[in-house]
Amino acid sequence: MSGEEEEENAAELKIGDEFLKAKCLMNCEVSLILEHKYEQLQQVSEDPMNQVSQVFEKSLQYVKRFSRYKNPDAVRQVREILSRHQLTEFELCVLGNLCPETAEEAVAMVPSLKTKGRAHSDEAIEKMLNDLSLVKRFE
């Protein structure tokens, strides 16, 4: 590694320009996309399992297992809630996937929430988490 390259560190949002600019998806969003694709494959094939690779099947199982939100409206609401807080895509997806319950947990999972110059107050983080828990409760 050359001296000019900066070491990547997700805690400080040093994840490389290509990742900072990329659109990230939460597990629940990926699950909806893969479910839709699976349904399309079922419609065009007599035996849908012939159309589905093992990687596709395992990926679908994984995101279904680890998706915190199942309802498409809830998934949309989660992204809207998190988007209101000027989070990066990476931060948004980590919080949406892991669903911390307290501001302390959220900051432990995503230390960049407290980055100088864009730090979120504990109260703002708690409000965001409370909004997320309401979505989960009424899903």
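Rules of the game
Residues numbered from 1 in each chain as written. Predicted model: local features only at pLDDT ≥ 70, side-chain atom pairs only at ≥ 80, totals over all residues. Heavy atoms only, no water. pLDDT = per-residue confidence, 0-100. Helix = DSSP H or I, 4+ residues; strand = E, 2+ residues; numbered from the N terminus. Domains from an automatic or database assignment. Buried area = accessible area lost by both parts, 1.4 Å probe. Salt bridge = Lys/Arg side-chain N within 4 Å of Asp/Glu carboxyl O. Nonpolar A, V, L, I, M, F, W, Y, C, P; charged D, E, K, R; others polar. Phe/Tyr/Trp six-rings, centres within 6.5 Å; stacked < 30°, edge-to-face > 60°. Buried < 20%, exposed > 50% of the residue type's maximum accessible area, 1.4 Å probe, protein only. Lys NZ or Arg CZ within 6 Å of the ring centre and 35° of its normal. Expected span 1.5 Å × (residues − 1). Arc of directions from axis to C-beta. Contact = heavy atoms within 4.5 Å. Polar contact = N/O pair within 3.5 Å; in protein donor to acceptor, adjacent residues only side chain to side chain.

Per-residue pLDDT for the protein chain has a mean of 87; in total, 91% of the residues score no lower than 70. Across the protein chain, helix α4 (residues 72-83) holds the top mean pLDDT of 96, while helix α1 (residues 17-20) sits lowest at 74.

A word on the domain arrangement of the protein chain. Partitioning the protein chain into domains gives domain 1 (27-66) and domain 2 (72-138). Using C-alpha coordinates to define each centre, domain 1 is positioned 28 Å away from domain 2. Carbon and sulfur atoms supply 55% of the area that domain 1 and domain 2 bury against each other, a total of about 460 Å² over both sides. In this structure, the connection of domain 1 to domain 2 is made through one salt bridge. Between E29 and R79 there is a salt bridge; the shortest N-O distance is 2.5 Å. Considered class by class, the residues forming the side of domain 1 that touches domain 2 number two nonpolar, one polar and one charged.

Right, let's talk about the packing of aromatic side chains for a bit. Summed over all chains, the structure comprises one aromatic pair. Between Y62 and F66, the ring centres sit 4.8 Å apart and the planes meet at 45°, which makes this aromatic pair tilted. Within this pair, Y62 and its partner F66 are both found in helix α3 (residues 54-66), separated by four residues, close to a single helical turn. With a relative accessible area of 46%, Y62 lands in the partly exposed category. Geometry around Y69 places K136 over its ring, the cationic atom sitting 5.7 Å from the centre.

Turning next to α4. Across its twelve residues, α4 extends 17 Å between first and last C-alpha, which sits within 8% of the 16 Å expected from 1.5 Å per residue. All of the buried residues along α4 are A74, V75, V78, R79, I81 and L82. One face of α4 carries all of its buried residues, which in axial projection span an arc of 165°. On its buried face, α4 is in contact with α2 (27-44), α5 (89-98) and α7 (122-137). Put simply, N71 is the residue that caps the front of α4, since its side-chain oxygen is 2.6 Å from the backbone nitrogen of D73.

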